[in-house]
Structures are given as C-alpha cells and as structure tokens.
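Listed below are the residues making up each chain.
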Amino acid sequence: MSVERLLEGLDRHEPAALARAITLVENQRDGFEQVLSHAHSRLARGGARRVGITGPPGAGKSTLTERFIQHYRAAGLSVGVVAVDPTSPFTGGALLGDRIRMESASLDPHVFIRSMATRGAHGGLATTTEEVADLLEAFGFARILVETVGVGQTELDIARSAETTVLVLVPESGDGIQTLKAGVMEIADVYVVNKSDRPGADKLRQEVEVMLGIRRGNAFRHVSPHHTTQPRMEEDGGGRERAGPVGAIGEWEPPVLATVASRGEGVAELAAALDRHYAYLEASGRLAERRRQRLAARTRAVLERAVRRWLVEATRAEELLAQRLDEVVEGRRSPYDVAAEILDQIKAGAAR
Ligand SMILES: Nc1nc2c(ncn2[C@@H]2O[C@H](COP(=O)(O)OP(=O)(O)OP(=O)(O)O)[C@@H](O)[C@H]2O)c(=O)[nH]1
Ligand SMILES: [Mg+2]
C-alpha cells in the first residue's frame, strides 16, 4: 500500500489505516517519516493529553489502564493506549495489550490499544513510542496512555515523554522503593500505591511521602498539613524541571495516592490528580515549555537517526571498519584512532 493511500485512510479516520501507520513507524519502513510529518500538523490543535504509567512488573498498570479507559469513556473522551514492555524482546507488550483488548474496551471504536514490541524499535525505543503516541494524538484521541513495564532508565524516558508521569508502586515492590531511594524514580508527577487492599500499603505510602519530603528538603511534610511551599526552581539530570515557580504559581508537589485497581477504588481521585497536574502545567507555563523542549529533542533524535542510517547505508564507514578491524583486535590500533580515520575519510568525500 502506498504512503499516499495510507495518508488518505488516516484522513478518512480509518482505524485500519492507523494500525498500518503504527506498524510502518514501528518498523521504520519507507515513508514512515512522511506519515509522521503529516501527523505533526495535526498535533498543535490541542485537547489531547498524554499520561505515562510506569512501575514494576505486575503492579497493576494494565488494570489501572483499563480503569482509566472506563473513566474517560464515561466522560465522553476517546482513549488511545500504547503498551510497551522494554524488558521482553519476544512478546513485547503484546500479552498486556491483548489482555486489555479482550476485555471491556474491545468493541468500542473510541478506544484504540496498541502493544509495542521492542524488536520493532531500531534503537531509540522512547522516540518510537513517542512517535506512535503522536499518531494516536493526530488521529484524534483525547487521552493517550503510555503504559511501560519497569523502573529503569528506558522506561522512565518513555514515561516522561508524556505530560504527566504516574509511578505505580505496590506494597510488595521492595525494589520499587529502593529505586526511589536511588533517585531514579524522582521524575514521577503522581505516585500511586496500588493493591492498597494488601498489607503494608499505608506504610509504603508514608515511606514514599517521607522520601519525597526529604528530596524537597522537608522530611516532615506529610506530618503537617499546614506547611508552606517555598517557591524554587531546579532541574533534574535529564533537563526536565522537577518543579518551580513561574509567576505566582509554586512548585508541583507530587501526591501519593492509594488505589485498588482491581475494584476501581481510588481511580476517580487519581484521574482528578492527573487533571490537577495538567492544569498546573498549563497555568505555570510549563506545558508550552515542555512542548518546546520535547520538539527540540525530537528533532535532534530524528536527525541522529538519519545520520546513523546515512553512515551505514551511504558511506564507506562499514567497509573501512572491516578493513581495520584486525588491527584493532590485535591491539595495534584503537577504536578511537580508527573511528577518527573513518570520519576523516567520510568528510573528505568518501561517501559513495
Ligand atoms: N489485590 C489486588 N490485585 C490487583 C490490584 N490491581 C491489579 N491486581 C492484580 O494484579 C495482577 C497484575 O495486574 P496487571 O494489571 O496485569 O499488572 P501490570 O502492572 O500491568 O503487569 P505487567 O504488565 O505484567 O507488568 C492481576 O492479577 C491483577 O488482577 C489491586 O488493587 N489489588
Ligand atoms: Mg501490564
């Protein structure tokens, strides 16, 4: 099928065209950038919100996602879901997506669920996930949920491409709290202790609150309901602002909520917290700021991807490498020398 036909299908709002467009983007087949370029012009019209849901395996992310779908559908909003499992190269997130698909949402045309197989993404899983989310947004979904399993850097990169990041913890996820202590999970905007019907849920909630309070320089934040917020501005390592004032608006204090996703308890409160966070982003000017940063990062990522492809496909880099590899293996030359030499040759016009 030609890219033109695909674009027409998207314009006619055909779910089959959307599914094909996603596959094209996932596999980076010919024309995928044309499709994304076409989608981009439809992104600025606003209205859509992206929520990243991440957390350890089995925390209840899919169950929560299903509840979100019900919640948003009841409010008349359409929902697109991207489920990514970076840890599982063979099934990808397929099982997770299929499980949801079989349930409540399966026949609703205003719900679209897509699993992403890791194998499809040639490097840059976070970029590919964002691109798939773009397709969903351009197609017109009002809420886009990006579910990703795990609490490592890749998962967080994926989750934080959303406007609001939710970290789902469970009483049994001791590793979760360890990661939180290590500062890796600081990026969440909303924390959820799911499976709050299980023992230890309250304790975990308090631990997370204390942890967040310490990071904020106020270990007893959760003890006093009358604390005042000191406006401040700070950046985390990834360049995304944690919190801080723009004008009169103080910092965002990530709430720590409790849910029992399997029974739908706490889901409305969680959805309300997401709305509050979005309103905060809008009112503080951070929404526009983040969007700018995201688009700059995206353009860079696309450029890097194109350069990498050009290097492999259109230059003699691989051939030159093959010629020098023995010397590198034997220790007579270093990868650094050889890379510099290859780069010099390419710059000198060795491109085919
Ligand atoms: N007791 C209890 N069980 C829950 C709750 N939420 C989800 N579960 C159960 O926990 C199990 C895992 O739920 P999932 O929603 O598949 O969890 P997940 O985080 O999506 O799992 P992965 O995608 O495999 O990482 C299922 O058996 C759910 O029924 C809850 O609030 N309480
Ligand atoms: Mg899941």
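What you are looking at is a predicted structure, and each value in this text was computed from that prediction instead of being measured.

A. Quick peek at the site of ligand 1. Taken together, 18 residues form the shell around ligand 1, and within it Gly-60, Lys-61, Ser-62, Thr-63 and Asp-197 come nearest. The contact in question runs from an oxygen atom of ligand 1 to an N or O atom on the side chain of Glu-147, over 3.4 Å. A distance of 2.9 Å is found between a nitrogen atom of ligand 1 and a side-chain nitrogen or oxygen belonging to Asp-197. Contact with the protein chains hides 71% of the accessible area of ligand 1, taken as 650 Å² for the molecule alone. Looking at the shell around ligand 1, the elements that each hand over two or more residues are helix 4 (61–74), helix 5 (94–102) and strand 4 (143–149). Its residues placed into classes, the shell around ligand 1 shows 6 nonpolar, 6 polar and 6 charged.

B. Examining the coordination of the magnesium ion (ligand 2) more closely. For the magnesium ion (ligand 2), every protein donor is listed as Ser-62 (OG) and Glu-147 (OE), and the spread of their distances is 2.1 to 2.6 Å. Residue Ser-62 is located in helix 4, and its partner Glu-147 is located in strand 4; the two are separated by 85 residues in the primary sequence. In this pair, the class of Ser-62 matches that of Glu-147, namely buried.

C. Fine view of the pattern of salt bridges. Scanning the entire structure with this criterion turns up 21 salt bridges. When the shortest N-O distance is used, the salt bridge between Asp-134 and Arg-50 registers 2.5 Å. With a gap of 84 residues between them, Asp-134 in helix 6 (residues 125–139) and Arg-50 in strand 1 (residues 49–55) connect regions that are remote in the sequence. We note that Asp-134, like Arg-50, is buried. The partner of Arg-73 in a salt bridge is Asp-108, with the nearest N and O atoms 2.7 Å apart. In this pair, Arg-73 is assigned in helix 4 and Asp-108 in the loop between helix 5 and strand 3 (111–116), connecting sequence segments 35 residues apart.

D. Geometry of the pairing of strand 3. Burial analysis of strand 3 places 6 of its 6 residues in the buried class, which makes it a mostly covered element. Here strand 3 shows two buried faces, one formed by Val-111, Ile-113 and Ser-115 and the other by Phe-112, Arg-114 and Met-116. Relative to strand 3, strand 2 (residues 79–84) runs parallel, the two being bridged by 6 bridges. Opposite Gly-80, over in strand 3, you have Phe-112 as the bridge partner.

E. Here's a closer look at the sheet that holds strand 5 (residues 164–169). An order of 3-2-4-1-5-6-9 is seen for the 7 strands of this open sheet, with the pairing classed as parallel. Each end of this open sheet is capped by a strand with a single partner; those strands are strand 3 and strand 9 (256–258). Averaged over all adjacent pairs, the angle separating strand axes in this sheet is 20°, with direction ignored. In this fold helix 4 packs onto strand 1, strand 2, strand 3, strand 4, strand 5 and strand 6 (190–193), with an angle of close to 175° to the strand it touches most, strand 4.

F. The arrangement of helix 1 (residues 3–11) in detail. Among all positions in helix 1, only Val-3, Leu-6, Leu-7, Gly-9 and Leu-10 are buried. Buried residues of helix 1, seen end-on, are gathered within an arc of 155° and therefore sit on one face of the element. Lining the buried residues of helix 1 we find helix 2 (15–26), helix 3 (32–40) and helix 6. Just downstream of helix 1, His-13 is the residue with a positive phi angle, here 65°.

G. Quick peek at the packing of aromatic side chains. Per the counting criterion, the structure on display carries 4 aromatic pairs. Geometrically, the ring pair formed by Phe-139 and Phe-141 is stacked, given 5.9 Å between the ring centres and 25° between the ring planes. Of the residues examined, Phe-139 reaches a relative accessible area of 7% and is grouped as buried. Consider the rings of Trp-252 and Tyr-280, whose centres lie 5.6 Å apart with planes at 40°: the pair is tilted. In this pair, Trp-252 is assigned in the loop between strand 8 (241–243) and strand 9 and Tyr-280 in helix 10 (residues 267–284), connecting sequence segments 28 residues apart. Three or more aromatic residues joined by ring pairs form one cluster here, namely Phe-112, Phe-139 and Phe-141. Arg-49 extends its terminal NZ or CZ atom over the ring of Tyr-278, reaching a point 4.1 Å from the ring centre.

H. Just a nonpolar patch on the surface, in detail. Together, Leu-303, Val-307, Trp-310, Leu-311 and Val-312 make up an exposed nonpolar region whose accessible area comes to about 460 Å². You can see Trp-310 is positioned in helix 11 (residues 286–314).

I. Representation of the environment of Val-256. Within the secondary structure, Val-256 is located in strand 9. Overall, Val-256 belongs to the buried group, its relative accessible area being 3%. The spatial distance from the C-alpha of Val-256 to the C-alpha of Val-208 is 7.3 Å, given a sequence separation of 48 residues. Sequence-distant contacts of Val-256, that is, excluding residues within four places in its chain, are made with Tyr-191, Val-193, Arg-205, Val-208, Glu-209 and Leu-212.

Rules and cut-offs
- Residues numbered from 1 in each chain as written.
- Chains lettered and ligands numbered in written order.
- Predicted model: local features only at pLDDT ≥ 70, side-chain atom pairs only at ≥ 80, totals over all residues.
- Heavy atoms only, no water.
- Near = heavy atom within 4 Å.
- Polar contact = N/O pair within 3.5 Å; in protein donor to acceptor, adjacent residues only side chain to side chain.
- Areas by Shrake-Rupley, 256 points an atom, 1.4 Å probe, with all protein chains shown as cover.
- Helix = DSSP H or I, 4+ residues; strand = E, 2+ residues; numbered from the N terminus.
- Nonpolar A, V, L, I, M, F, W, Y, C, P; charged D, E, K, R; others polar.
- Donors = N, O, S within 2.8 Å, 3.2 Å for Na, K, Ca; no water.
- Buried < 20%, exposed > 50% of the residue type's maximum accessible area, 1.4 Å probe, protein only.
- Salt bridge = Lys/Arg side-chain N within 4 Å of Asp/Glu carboxyl O.
- Pairing = 2+ DSSP bridges.
- Axes fitted to C-alpha atoms, helices over the stretch in contact; angles between N-to-C directions.
- Contact = heavy atoms within 4.5 Å.
- Arc of directions from axis to C-beta.
- Phe/Tyr/Trp six-rings, centres within 6.5 Å; stacked < 30°, edge-to-face > 60°.
- Lys NZ or Arg CZ within 6 Å of the ring centre and 35° of its normal.
- Patch = residues over 30% accessible without salt bridge, like charges linked within 9 Å, V, L, I, M, F, W, Y side chains within 5 Å.

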